[in-house]
Amino acid sequence: MEHNDASTTWRTYRNQELAVVTPLLEKLGYALDQKQPHVTGERHLMQAITTAHGRKLILLGRRQRDSTRVVIKITSDPTGVRELLHERTCRRILSEIRFAYGVFFSPEELLFTKRGNYTIAVHSFIAQECAFLDRPIAEQFALALAGFKSQEGARATTYAHTKLAQRTFGSRNAEDYLRNFATFKKNILAQLSTDQVLPALLTQTESLLVTHKETIERYGGFLTHTDFVPHNFRIKDANIYLLDHSSLVFGNKYEGWARFLNFMLLHNPALEAVFVQYIKDNRTPEESLCLQLMRTYRLGEIIWYYTNTLKKTSGNLRSLEVERIQFWSTVLDAILHGKLLPNETRQKYIEARDRLRSTEEKERQVGLH
Amino acid sequence: MKIALLTPLYPPDIAPLASYTKELAMRMGEEHEVTVVAYGYLPEQAHGVRNMTVDKRTPLFIRLFNYTLLLKKVSRDADIIYAQNGASIEFPLVLVSLFAGTPYMLRLGDGEAQNRAKKSFVLGFIERMAIKNARTVIVPTHQLFAGIHTTVIDDPLVKPEIHPFTNSPVDLSTHEESWNIHIAKLNKLFSHGT
């Protein structure tokens, strides 16, 4: 059994909170499921990278009066409360902004209330026929493309829009991306000072981003979901329901694509290849470049994320984080130099990951994507 | 011929008008000197096309003022102006046309802008003035404007996307043909005015 402070701290927090919130939710008419996948496994390590994450529980349950399946977000942590309020504002503004050519669907809000120190948000659970990655690849492509095009339809390029965007969703320009990457690089190298490969790789990436700053800036001002991956949306009746509205930001339009494609390089490389070809066939060469730039940016971020988790982990989990850093560094090298990632590299990482993952985390991952 | 294309939207904006204007500029640029005057920030560059932009992120009156000044400068050099409808273009166009002698053609391709003009006295007035002072008014389909002669030129077809899972290869010939017809008709108007 692994012993590490972060995991223990999370389990303590989770158990204490569940003891308090379970009866609280029952009074509001909601019963919790026995199995709670969103508070187990590696959830405790997850923090947003460029925004601070408060602690909150994401729980599955049912409304007692009619057995409607629900998702409950509940927190007494002040940062967590701010996040819930922010997410609620983002949902509302998203549905109202008149310059959005297409609007994402959102699960219906059933309850938003405060009880004592706790802020509680309850939304309807969107049941899917199957996980996104279990759909035929043509369907995955069509759905994801529709999602990206919908995001591209909203562009904050007038004075009034910029103000609204900044107030609500926050915005990132090329300077912000470069500054963030410099921070990623600095922090990674501070923690991995003996790494032979990363210093040169990160310097080359930074240099590429700086050289093409104008391209990053040109394709800015787009509504982008910075974590547009299958566990953050659900598909029902061919509609995309966003589950996480707090990851919406006005930034580079390919930042969302970058996250998605880096994710798919691991989980469904055929889909990743198809999207890269789609951009080459249908968009300008500069847009292909922009996608490459944002992928390298997001890869820098993910390496930084796992580097930061090293000190919070021990045993198998720590070994797994080391494997992840190595894998994503190899991916960064491939994307930076326009090379294909060998399938053996991918398979080798998957085997290591599956060997080192906890049973709890493996259970949490079932049906997640 | 020196042609100024006026547009409220230009790539990387995502709108049919934006991609239409860029495609038009690139094709026209093969035989004419083309300047695109757009609202935007860091527009996509295209070979043979000069881009001049007014930053859309400034307050309304500032950007209208800046666009008017820019248009005044560009129109001195241009043989013909081809403008897309919409108050942000029509207002500066009407002002500049009072003083500059450069003829302009107005394309009423943005239905939403026309609807807004119908609902607003001010926007409607600006639109009517722009139509009245135009050498030619181009419409994509037959529309009636009392006392105004319009010329119908169909919009070219949107370029079909190459999708990875379609069985048949994409046929671009129809798309190309529609653009060739569109450009030929515009060229005739640029040269002869009717």
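What you see as residue numbers is a count from 1 along each chain, following the sequence as written. Written order decides the labels, with chains lettered from A and ligands numbered from 1. Reporting of local features is limited, given that this is a predicted model, to residues whose pLDDT is at least 70; pairs of side-chain atoms are given and counted only at 80 or more, and all residues count toward the totals for whole chains, interfaces and linings. Each side-chain value is worked out from all heavy atoms of the structure, with water and hydrogens disregarded.

Student: So what's going on with the overall build of chain B? Which residues, and what values?
Tutor: When helices and strands are tallied, chain B shows 6 helices and 7 strands. A run of H or I in DSSP becomes a helix once it reaches four residues, and a run of E becomes a strand once it reaches two; helices and strands are each numbered from the N terminus. The order of helices and strands in chain B, counted from the N terminus, is β-α-β-β-α-β-α-β-α-α-β-β-α. Radius of gyration: C-alpha atoms only; globule rule: 2.2 Å multiplied by the number of residues to the exponent 0.38. Taking 194 residues into account, the globule formula puts the C-alpha radius of gyration at 16 Å, and chain B, at 17 Å, falls close to it. On the principal axes, the C-alpha backbone points of chain B span a range of 55 × 40 × 35 Å.

Student: So what about the overall build of chain A? Which residues, and what values?
Tutor: For chain A, the helix and strand inventory stands at 13 helices and 9 strands. For every residue, the accessible area (1.4 Å probe, protein chains only) is compared with the maximum for its type, and the residue is labelled buried under 20%, exposed over 50%, or partly exposed between those bounds. A total of 369 residues make up chain A; the buried ones form 53% of that total. In the form shown here, chain A has an accessible surface area of approximately 16300 Å², with 51% of it arising from carbon and sulfur atoms. Across chain A, 50 positive and 41 negative side-chain charges occur, with their mean positions spaced 4 Å apart. To be clear on the numbers: accessible area is Shrake-Rupley with a 1.4 Å probe, and residue cover counts the displayed protein chains and nothing else. Neither His nor the chain termini are counted; the positive set is Lys and Arg, and the negative set is Asp and Glu. Note on charges: their place is set at NZ of Lys, CZ of Arg, CG of Asp or CD of Glu.

Student: Can you break down the interface of chain A and chain B residue by residue, with the values?
Tutor: Contacts between the two partners involve 24 residues from chain A and, on the opposite side, 20 residues from chain B. Note on definitions: buried area is the accessible-area loss of two parts on being combined, 1.4 Å probe, summed for both. Both sides of the chain A and chain B interface together cover about 1900 Å² of buried area, and 60% of this is carbon and sulfur. Any carboxyl oxygen of Asp or Glu within 4 Å of a side-chain nitrogen of Lys or Arg constitutes a salt bridge here. At the junction of chain A and chain B, the tally comes to 1 salt bridge. Of all the secondary-structure elements, those providing two or more residues to the side of chain A that touches chain B are helix H3 (137–152), helix H4 (159–168), helix H7 (213–218) and helix H9 (269–282) of chain A. If you tally residues by element for the side of chain A that touches chain B, the top one is H3(A), at 6 residues. Three classes are used: nonpolar for Ala, Val, Leu, Ile, Met, Phe, Trp, Tyr, Cys and Pro, charged for Asp, Glu, Lys and Arg, and polar for all others, with Gly counted as polar. The class makeup of the residues in the side of chain A that touches chain B is 10 nonpolar, 5 polar and 9 charged. Any pair of residues with heavy atoms lying within 4.5 Å of one another is described as a contacting pair.

Student: Tell me what's going on with the confidence of the model for chain B, and back it up with residues and numbers.
Tutor: Each residue gets a pLDDT score, which is the predictor's confidence in that residue and runs from 0 to 100. With 96% of its residues at a pLDDT of at least 70, chain B reaches an overall mean of 91. Overall fold confidence (pTM) sits at 0.91, and the ipTM for the predicted complex is 0.92.

Student: Explain the pairing of strand S6 (residues 136–139) of chain B to me, using residue names and the numbers behind them.
Tutor: Residue and element names in this part refer to chain B. The two faces of S6 match: Thr-136 and Ile-138 on one face and Val-137 and Val-139 on the other face are all buried. Pairing analysis gives 3 bridges linking S6 to strand S7 (residues 150–152), with the strands arranged parallel. Residue pairing for S7: Val-139 is matched across the bridge by Val-152. Any two strands between which DSSP finds at least two bridges are classified as paired.

Student: Lay out helix H10 (residues 285–309) of chain A with the relevant residues and their values.
Tutor: Relative to the 36 Å expected for 25 residues at 1.5 Å per residue, H10(A) spans 37 Å between its end C-alpha atoms, a close match to the ideal helical length. Taken across its 25 residues, H10(A) has 19 buried, putting it largely inside the fold. Working rule for helices: expected span equals 1.5 Å times residues minus one.

Student: Tell me what's going on with the sheet that holds strand S2 (residues 33–39) of chain B, and back it up with residues and numbers.
Tutor: Residues and elements named next belong to chain B. Overall, parallel pairing links the 7 strands, which are arranged S3-S2-S1-S4-S5-S6-S7 in an open sheet. Looking at which strands have only one partner, the edges of the open sheet turn out to be strand S3 (49–54) and S7. Here the strands of the sheet are splayed against their neighbours by 25 degrees on average, with no regard to which way each runs. For strand S1 (residues 2–7) and strand S4 (residues 80–84), the ladder comprises 4 bridges, and the chain directions are parallel. For Leu-5, the partnering residue across the bridge sits in S4 and is Tyr-82. In this analysis an axis means a line fitted to C-alpha atoms, helices contributing only their contacting stretch, and an angle means the value between N-to-C directions, from 0 to 180 degrees. Of the strands in this sheet, S1, S4, strand S5 (104–107), S6 and S7 are in contact with helix H6 (residues 173–192), which crosses S4 at around 130 degrees.

Student: Give a description of the environment of Leu341(A) that names residues and reports values.
Tutor: All names here are of chain A. Counting through the fold element by element, Leu-341 comes out in the loop between helix H11 (315–336) and helix H12 (343–356). On the basis of relative accessibility, which here comes to 16%, the residue Leu-341 falls in the buried class. Apart from the residues within four sequence positions on either side, Leu-341 is in contact with Leu-265, Phe-327, Thr-330, Val-331, Ala-334 and Arg-346.

Student: Quick rundown of the environment of Ala352(A)? Include the residues and the values.
Tutor: All names here are of chain A. Residue placement: Ala-352 occurs in helix H12. On the basis of relative accessible area, Ala-352 is assigned to the buried category, the value being 4%. In sequence terms Ala-352 and Ser-319 are 33 residues apart; their C-alpha atoms lie 9.2 Å from each other.

Student: Quick one: what's the story with the packing of aromatic side chains, residue by residue and with numbers?
Tutor: Working definition: rings of Phe, Tyr and Trp (its six-membered ring) pair if their centres are within 6.5 Å, and the pair is stacked with planes under 30 degrees apart, edge-to-face with planes over 60 apart, and tilted otherwise. Counting across every chain of the model gives 28 aromatic pairs over all chains. Seen from their ring centres, Tyr305(A) and Tyr306(A) are 5.0 Å apart, and the 65 degrees between their planes marks the pair as edge-to-face. Both residues of the pair, Tyr305(A) and Tyr306(A), count as buried. Centroid distance Tyr39(B) to Tyr67(B): 4.4 Å. Interplanar angle 10 degrees. Geometry classified as stacked. Taken together, the residues Tyr39(B) in strand S2 and Tyr67(B) in helix H2 (residues 60–77) connect sequence positions 28 residues apart. Like Tyr39(B), the residue Tyr67(B) is buried in the burial classification. Through successive ring pairs, a cluster of aromatic residues spans Phe132(A), Phe141(A), Phe148(A), Tyr219(A), Phe228(A), Phe233(A), Tyr254(A), Trp257(A), Phe260(A), Phe275(A), Tyr278(A) and Phe165(B). Geometrically, a lysine NZ or arginine CZ counts as sitting over a ring once it is within 6 Å of the ring centre and also within 35 degrees of the ring normal. For Arg88(A), the ring lying beneath its charged end belongs to Phe112(A), and the centroid distance is 4.3 Å. Over the aromatic face of Tyr20(B) sits the side chain of Arg107(B), whose NZ or CZ is 4.1 Å from the ring centroid.

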